[in-house]
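Residue strings, one per chain:
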Amino acid sequence: MKNHLQEIVLNRPNYLNNKVLIVDGYIGGGKGLLSAITAALPQVEMWIHRGNIEQLCAINHLNKIDLSASEVLLKSWFDEYFYNLSLTREINIKPSDMSSILRDARPFRYLSRLFKPCGLEAYKRIKNEKMILNLMTHSNTAYSEPIFNALGSRLVYVRLVRSPMSKYMIDHMARWSKRWGDDPDGMIMHSLKSNPKIRFPFYILGREDEFIKANFIEKAILLIDEWQHSGDEFIDKMTSTSEATIIEIPFEKFVFEPLPYINKIAKALNTVPDKVTIKEMKKQNVPRKHLTSAPKTKTYIRQGWELDEKYNNIFDEFSATREIYKQKISKKYLEMLDKNLSNYIDRYLSDV
């Protein structure tokens, strides 16, 4: 019996072949803005976040579950997400949440589905209507190999990046880091055997000594450093080996010239922006005159957003942000921040 079981390969077919859009990016990097607009494309669902996807990718990255098993689970989950959306199951209706269907550009589609049949009819409807799943993940790019393998050519993977010299993002991530002691929010954590109360996210495994000693602003910079380098390496690898469509979008370019990026995403999804898409772009205030000209919402304000229109260009803001932090962090982390900014400009902003 044991030898027989060793010959069995764990596998699961994709019952659905619909496109899956995944938007990934840093904490405070602008994913809510981009995902709201992509949800306004025809056939694209309101965006959802499923923490179990990130957790599975983390556990696979830590070699606690093998890649093939991760792929099987993801294939099952993606089909389930489609099915539930087609029946208006497990949707968010809380008005204050950014992922609520009440904030969707096409909310009435979910009301109409309440009266649609389930079972095989639902699967036919998903295929005939060419529904497109719209998922958001947080800083998951470097660990997302199971997703790429599970979806293959069905995947349109959008990596939204933002300059490491962003006051809004650094402050937001510093506050986020403070929560990990008591409220890890579904994060896969590690702790020291000598002191289990000292916990840190799996992202910085191997750099935990640095993380523990750092202040909260330095913790944010350390995470940016890890995410930027490991994410760049992974994307470069997948670009040459994966059948998925990969689109990298720098936040600083997107808010000033969004339409070329939206058209590129739409083309990869086999859809076309319409008047609903354009209306949502206006609602999100893109294109903008200034980098910080976001809609004045309670969510953004709570996360530390401030309107600041005094900078003539993005590089002036980078310089001002550096001045703010150079007195709050050690020389080591200032140099780390400078190096990451230089790499970021070379990769994304060299033509600005």
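No experiment lies behind these values; they were computed from the predicted model shown.

(A) Quick peek at the pattern of salt bridges. Taken as a whole, this structure holds 18 salt bridges when the rule is applied. When the shortest N-O distance is used, the salt bridge between glutamate 45 and arginine 113 registers 2.8 Å. Here arginine 113 lies in helix H5 (residues 108–113) and glutamate 45 lies in the loop between helix H2 (31–38) and strand E2 (48–49), a separation of 68 residues in the sequence. The pair glutamate 45 / arginine 113 is uniform in exposure class, with both members buried. Among the ionic pairs, arginine 159 bridges to glutamate 248, the shortest N-O distance being 2.8 Å. With arginine 159 in strand E4 (residues 155–161) and glutamate 248 in strand E7 (residues 245–250), this residue pair connects regions lying 89 residues apart in the sequence. Note on arginine 159: relative accessible area 3%, which makes it buried. Judged by relative accessible area, which is 23%, glutamate 248 ranks as partly exposed. In this structure, a network of salt bridges that share partners links the residues Arg159, Asp232, Asp236, Glu248 and Arg347.

(B) Examining a nonpolar patch on the surface more closely. On the surface, Phe108, Leu111, Leu114 and Phe115 cluster together into a nonpolar patch covering about 520 Å² of accessible area. On the secondary structure map, leucine 111 appears in helix H5.

Analysis parameters
- Sequence order sets the numbering: in each chain, residues are counted from 1 along the sequence as written.
- Where totals are concerned, whole chains, interfaces and linings use all residues; where local detail is concerned, this predicted model gives features only for residues with pLDDT of at least 70, and gives and counts side-chain atom pairs only at 80 or more.
- Computation of side-chain values: all heavy atoms of the structure, hydrogens and water removed.
- The salt bridge definition used is simple: a Lys or Arg side-chain nitrogen within 4 Å of an Asp or Glu carboxyl oxygen.
- Only DSSP runs of H or I with at least four residues qualify as helices, and only runs of E with at least two residues qualify as strands; both kinds are numbered from the N terminus onward.
- The classification of residues rests on relative accessible area computed with a 1.4 Å probe and restricted to protein chains. Under 20% of the type maximum is buried, over 50% is exposed, and intermediate values are partly exposed.
- Residues form patches when they are more than 30% accessible in relative terms and have no salt bridge. Like charges link within 9 Å. Nonpolar side chains (Val, Leu, Ile, Met, Phe, Trp, Tyr) link within 5 Å.
- Working definition of accessibility: Shrake-Rupley area with a 1.4 Å probe, residue cover restricted to the visible protein chains.

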